[in-house]
Amino acid sequence: MHAITRFEHPASIDAPEMFVLRAERDLWAEVLLAKVGDLDMFESAELAFSYGMYPEYHRHIHLVASDGGTPTCQEHVLGVASLDMPMADNPRLAILSLVVRSGSRGKGVGGALHAAALKVAEEFGRSTIQVWTWEPVSIPDGARELPAETGVGGVERDSAESRFLAGRGYTLGQAERISRMALPSVDDLAAMRDAELARMPSEYEIITIHGPTPDDLLDGAAALSATMAADVPTGDLDVGEELWDAERLRASDAQLDAADRDQLQTLIRHVPSGELVGFTRFLHDRSRPEIAHQWETLVVGGHRGHGLGMLMKAVNHAAIPEVWPRVTRLITGNASENAHMLAINTALGYEPYAACGFWEWRRGADG
Ligand SMILES: CC(C)(COP(=O)(O)OP(=O)(O)OC[C@H]1O[C@@H](n2cnc3c(N)ncnc32)[C@H](O)[C@@H]1OP(=O)(O)O)[C@@H](O)C(=O)NCCC(=O)NCCS
């Protein structure tokens, strides 16, 4: 017998409800070890807390399945469903994280959590639910026989997760590749940066920042974040524009700080117009000092085709050893159909490390 209890997002990092996030993170660690083989992609409970710390941007609700009664601590947790609902944009959307302890699967816990999550989504007027799944990289391509709707890549049709989601009316909108590389030597990084800088057209300048975005760049950087959200390939998935302004970017920087994360970004300015026209950034968790996560890279439409993407990346890579001397590995994720970005990453030395499925359910679409 299991019970399902609803929790609001913890009000602070010291709140008692943090046990929910800790339990959820432990369950995801179990999944990562089983599917990917290590914890390089692990996200801490503190990071999970930070994602929901500004409810005006993202409202998080958690549902806990326990082995009876109201859970008060981690050891009674059988599974967790967390909904992330964007509040400033994308009003139809809820992003669901659903995970059940491996020893408790196949007994209806996941199904019950999913049904409860759908009710919460409905309460918030959300008609689209999106879910991510993990896959090992070592599956032969032929075994990924459930194709993504983009036509590129796919996932295993018979995994427990694929069966669970397909059986509930979800479709595979996109397949994503996660890649990893060893950080090259300081000399190699500098050589690559210098070669790219030598090719930089004279009307551009480079700005590299470690830490929060400076006040004078906030408006331009917020505009880049909005463009990034609109430009990143998302197939036919129901992902709309994101509204970014200086205030939201400041909140996002504070969120990183609360999660003990910091960032290293390289931006490009088009000197004649004074506009910021591109950026790339790494995030780094102080609790996992050997890993830097490559997040967004964007060159604005009219400025593509000048090698600026590779240039920014080479400059940002070369800045790592000085700001984060313990980093040895870089990790990034790309849509399988994003051939241009994958080509840049392969040239930099990234190799496939894991795969992800990006699934979607729309109310009414499953008949
Ligand atoms: C996907 C996941 C959440 C499913 O959790 P679960 O607790 O095994 O889910 P359920 O037990 O409700 O359902 C799984 C299957 O078990 C079987 N089952 C369900 N209730 C059962 C019961 N009472 N007795 C026997 N078998 C049962 C059914 O075959 C069911 O499939 P169906 O309902 O789709 O036909 C779980 O595999 C998991 O945590 N995976 C890793 C996390 C992840 O990738 N999450 C993202 C995808 S949701």
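Residues numbered from 1 in each chain as written. Predicted model: local features only at pLDDT ≥ 70, side-chain atom pairs only at ≥ 80, totals over all residues. Heavy atoms only, no water.

Burial runs high along strand S13 (residues 329-335): 5 of the 7 residues are buried. One ladder, built from 7 bridges, connects strand S8 (residues 171-182) with S13; its direction is antiparallel. When the bridges of S13 are listed, Arg 177 appears paired with Asn 334. Note that strand S12 (residues 291-299) and S13 share 4 bridges and pair parallel. Paired with His 293 across the two strands is Ile 331, which belongs to S13. Where the polypeptide runs from S12 across helix H8 (residues 308-323) and back to S13, its parallel neighbour, the crossover connection is right-handed. (Buried < 20%, exposed > 50% of the residue type's maximum accessible area, 1.4 Å probe, protein only. Helix = DSSP H or I, 4+ residues; strand = E, 2+ residues; numbered from the N terminus. Pairing = 2+ DSSP bridges. Right-handed = clockwise from strand over helix to strand, strands pointing away.)

Neighbouring the ligand are 19 residues, the closest being Leu 98, Gly 106, Gly 108, Gly 110 and Gly 111. Lys 107 is positioned with one of its backbone polar atoms (N or O) 3.1 Å from an oxygen atom of the ligand. The side chain of Arg 168 places a nitrogen or oxygen atom 2.8 Å from an oxygen atom of the ligand. Compared with its free state, where it exposes 910 Å², the ligand has 68% of that area covered by protein. When atom positions are compared with the pocket grids, the ligand is found to occupy the second largest pocket. Looking at the shell around the ligand, the elements with two or more residues in it are helix H1 (18-35), strand S4 (93-100), helix H3 (109-123), strand S5 (128-136) and helix H4 (160-166). A class-by-class count of the residues in the shell around the ligand yields 10 nonpolar, 5 polar and 4 charged. (Near = heavy atom within 4 Å. Polar contact = N/O pair within 3.5 Å; in protein donor to acceptor, adjacent residues only side chain to side chain. Areas by Shrake-Rupley, 256 points an atom, 1.4 Å probe, with all protein chains shown as cover. 1 Å grid on protein atoms, 1.4 Å probe; cavity = no way out; pocket = protein on both sides within 12 Å on 5 of 7 lines; lining within 4 Å. Sits in = over half its atoms within 2 Å of the grid points. Nonpolar A, V, L, I, M, F, W, Y, C, P; charged D, E, K, R; others polar.)

Here we come to the packing of H8 against helix H9 (residues 339-348). It is at 11 Å that the axes of H8 and H9 come closest, and there the two elements cross at 40°. What the angle tells us is that H8 and H9 run oblique. The chirality of how H8 crosses H9 is right-handed. Residue-level inspection shows Gly 309, Met 310, Lys 313 and His 317 of H8 in contact with H9, the latter providing Met 341, Ile 344, Asn 345, Ala 347 and Leu 348. (Axes fitted to C-alpha atoms, helices over the stretch in contact; angles between N-to-C directions. Parallel < 35°, antiparallel > 145°, perpendicular 65-115°, else oblique. Left-handed = near helix turned anticlockwise from the far one by under 90°. Contact = heavy atoms within 4.5 Å.)

So, on to the domain arrangement of the chain. By domain assignment, the chain separates into domain 1 (3-178 + 358-362) and domain 2 (184-327). A buried area of about 2,100 Å², summed over both sides, lies between domain 1 and domain 2, and 51% of it is on carbon and sulfur atoms. Our enumeration of links across domain 1 and domain 2 arrives at 1 salt bridge. As a salt-bridge pair, Arg 248 and Asp 89 come within 3.0 Å of each other at their nearest N and O atoms. Between the two partners, domain 1 and domain 2, sit 4 residue pairs in polar contact (both at pLDDT 80 or more). If you tally residues by element for the side of domain 1 that touches domain 2, the top one is helix H2 (residues 45-51), at 4 residues. For the side of domain 1 that touches domain 2, the class distribution of residues is 12 nonpolar, 8 polar and 7 charged. (Domains from an automatic or database assignment. Buried area = accessible area lost by both parts, 1.4 Å probe. Salt bridge = Lys/Arg side-chain N within 4 Å of Asp/Glu carboxyl O.)

Below, the discussion takes up the environment of Ala 246. Secondary-structure assignment places Ala 246 in helix H7 (residues 246-258). Each residue touching Ala 246, except ones within four places of it in the same chain, is listed here: Leu 218, Asp 219 and Ala 222.

Here we come to the sheet that holds strand S1 (residues 3-8). In spatial order, the strands read S1-S2-S3-S4-S5-S14-S8-S13-S12-S11-S10-S9; together these 12 strands make up an open sheet with mixed pairing. The sheet is open, and its two edges are formed by S1 and strand S9 (204-210), each paired on a single side. Here the strands of the sheet are splayed against their neighbours by 25° on average, with no regard to which way each runs. As paired strands, strand S2 (residues 58-66) and strand S3 (residues 77-86) are joined by 9 bridges and run antiparallel to one another. Opposite Leu 63, over in S3, you have Ala 81 as the bridge partner. Sitting on the sheet, H8 is in contact with S8, S9, strand S10 (261-270), strand S11 (275-285), S12 and S13, with an inclination near 145° to S10.

This next bit is on the packing of aromatic side chains. Under the definition given, this model contains 2 aromatic pairs. Centroid distance Phe 7 to Phe 19: 5.7 Å. Interplanar angle 90°. Geometry classified as edge-to-face. Taken together, the residues Phe 7 in strand S1 and Phe 19 in helix H1 connect sequence positions 12 residues apart. On the basis of relative accessible area, Phe 19 is assigned to the buried category, the value being 12%. Ring centres of Trp 132 and Phe 358 lie 4.0 Å apart, and the angle between their planes is 10°; on these two criteria the pair is classed as stacked. Highlighted residues: Trp 132 in strand S5 and Phe 358 in strand S14 (residues 351-362), separated in sequence by 226 residues. Residue placement shows Arg 168 over the ring face of Phe 164; its charged tip is 3.8 Å from the ring centre. (Phe/Tyr/Trp six-rings, centres within 6.5 Å; stacked < 30°, edge-to-face > 60°. Lys NZ or Arg CZ within 6 Å of the ring centre and 35° of its normal.)

Turning our eyes to something else, we now look at unusual backbone geometry. Positive phi, close to 45°, is recorded for Asn 90, a residue that is not glycine. Relative to the helices and strands, Asn 90 is located in the loop between S3 and S4. In the Ramachandran plot, Asp 260 falls in the positive-phi region, its phi being about 60° despite a non-glycine side chain. For Asp 260, the location among the structural elements is in the loop between H7 and S10. Here Asp 260 falls in the partly exposed class, since its relative accessible area comes to 40%.

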